[in-house]
Amino acid sequence: MSVWQLVAVGLVMLLGLVGVLVPGVPGQAIVWAAVLWWALTDMTPTAWGVLIGATALMLLNQALKPLLPPRRPGESGAPRRTVLIGGVAGIVGFFVVPVVGGVAGFVGAIYGVERLRLGSRGAGWASVRSVMRATGYAVLVELFACLLVAGAWLGALLWG
């Protein structure tokens, strides 16, 4: 696979990761399609292994979705940009501090934005709890699954 194709696959994955944060955009499907594109072009055992793992993880995530609270962004009282900033921080955090940085970045950014907006530490934490109940858990689980797939793809490229 050429470098430009790899860049294109990476950009499609990034589009899928951001799509997880936007309601109505099938972010998981976009990330999975990028891995499929790479695996069909690369045709190595590593590529197929990543595709099989990505498929299993995405199916597991879809099976767990009904167990999570539904996304109700209006109920939290926080602006939409709060979850969007949290999601971007989660994506960055995942790659800065592998795996655990995704969760820490997501929740930490939501707290930071809400503390600045509301002005106190207690109100910031109360808002974080409200945002996580209304939309955060569903977004975080879906984003984390997509980040694991993107991380596995990147790891396969660098070390595979």
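Residues numbered from 1 in each chain as written. Predicted model: local features only at pLDDT ≥ 70, side-chain atom pairs only at ≥ 80, totals over all residues. Heavy atoms only, no water.

Caption draft 1: Spatial organisation of the UniProt feature "transmembrane region" (unreviewed entry) in the protein. Mapped onto the present numbering, the UniProt feature "transmembrane region" (unreviewed entry) falls on residues 6-39, 84-113 and 134-159. For the annotated span residues 84-113, helix accounts for 90% and strand for 0% of the residues, and the straight-line distance between the end C-alpha atoms is 11 Å. Taken end to end, residues 134-159 comprises 100% helix and 0% strand; its first and last C-alpha atoms sit 39 Å apart. (UniProt positions renumbered as here; feature names shortened; annotations may be inferred. Helix = DSSP H or I, 4+ residues; strand = E, 2+ residues; numbered from the N terminus.)

Caption draft 2: Summary view of the nonpolar core. Core analysis: the biggest nonpolar cluster contains 34 residues, and Met13, Leu17, Val31, Val35, Trp38, Phe106 and Leu143 have the highest contact counts within it. For this core, the elements supplying multiple residues, two or more each, are helix H1 (3-21), helix H2 (27-42), helix H3 (45-64), helix H4 (80-96), helix H5 (100-118) and helix H6 (121-159). Tallying contributions element by element places H6 first for this core, with twelve residues. Those residues within four positions of leucine 17 in sequence are excluded, and the remaining contacts are Val31, Ile91, Leu143, Cys146, Leu147 and Ala150. (Core = buried A, V, L, I, M, F, W, Y, C linked by side-chain atoms within 4.5 Å. Buried < 20%, exposed > 50% of the residue type's maximum accessible area, 1.4 Å probe, protein only. Contact = heavy atoms within 4.5 Å.)

Caption draft 3: The environment of isoleucine 91, seen in detail. Among the structural elements, isoleucine 91 can be located in helix H4. Isoleucine 91 sits in the buried class, given a relative accessible area of 9%. Measuring from C-alpha to C-alpha, the distance between isoleucine 91 and isoleucine 52 comes to 23 Å, with 39 residues separating the pair along the chain. Apart from the residues within four sequence positions on either side, isoleucine 91 is in contact with Leu17, Val18, Leu143 and Leu147.

Caption draft 4: Just H1, in detail. Given a rise of 1.5 Å per residue, 19 residues ought to cover 27 Å, and the 28 Å separating the end C-alpha atoms of H1 matches this to within 8%. Buried residues of H1: Val9, Met13, Gly16, Leu17, Gly19, Val20 and Leu21, and no others. The inward-facing, buried residues of H1 contact H2, H4 and H6. (Expected span 1.5 Å × (residues − 1).)

Caption draft 5: View of unusual backbone geometry. In this model, methionine 43 sits at a positive phi of 55 degrees, which is unusual for a non-glycine residue. Considering the arrangement of structural elements, one finds methionine 43 in the loop between H2 and H3. The class for methionine 43 is exposed, based on a relative accessible area of 53%.

Caption draft 6: Molecular detail of the packing of H2 against H3. Running from N to C, H2 and H3 point in directions that differ by 160 degrees, and their axes come no closer than 9 Å. Between H2 and H3, the interaxial angle falls into the category roughly antiparallel. Every pair of crossing elements has a handedness; the one defined by H2 and H3 is left-handed. For the pair H2 and H3, the contacting residues are Gln28, Val31, Trp32, Val35, Leu36, Trp38, Ala39, Leu40 and Asp42 in the first and Thr46, Ala47, Trp48, Val50, Leu51, Ala54, Thr55, Met58, Asn61 and Gln62 in the second. Counted by class, the contact of H2 with H3 contains 13 nonpolar, five polar and one charged residues. (Axes fitted to C-alpha atoms, helices over the stretch in contact; angles between N-to-C directions. Parallel < 35°, antiparallel > 145°, perpendicular 65-115°, else oblique. Left-handed = near helix turned anticlockwise from the far one by under 90°. Nonpolar A, V, L, I, M, F, W, Y, C, P; charged D, E, K, R; others polar.)

Caption draft 7: Spotlight on the environment of valine 149. Here valine 149 lies in helix H6. In sequence terms valine 149 and valine 35 are 114 residues apart; their C-alpha atoms lie 8.2 Å from each other.

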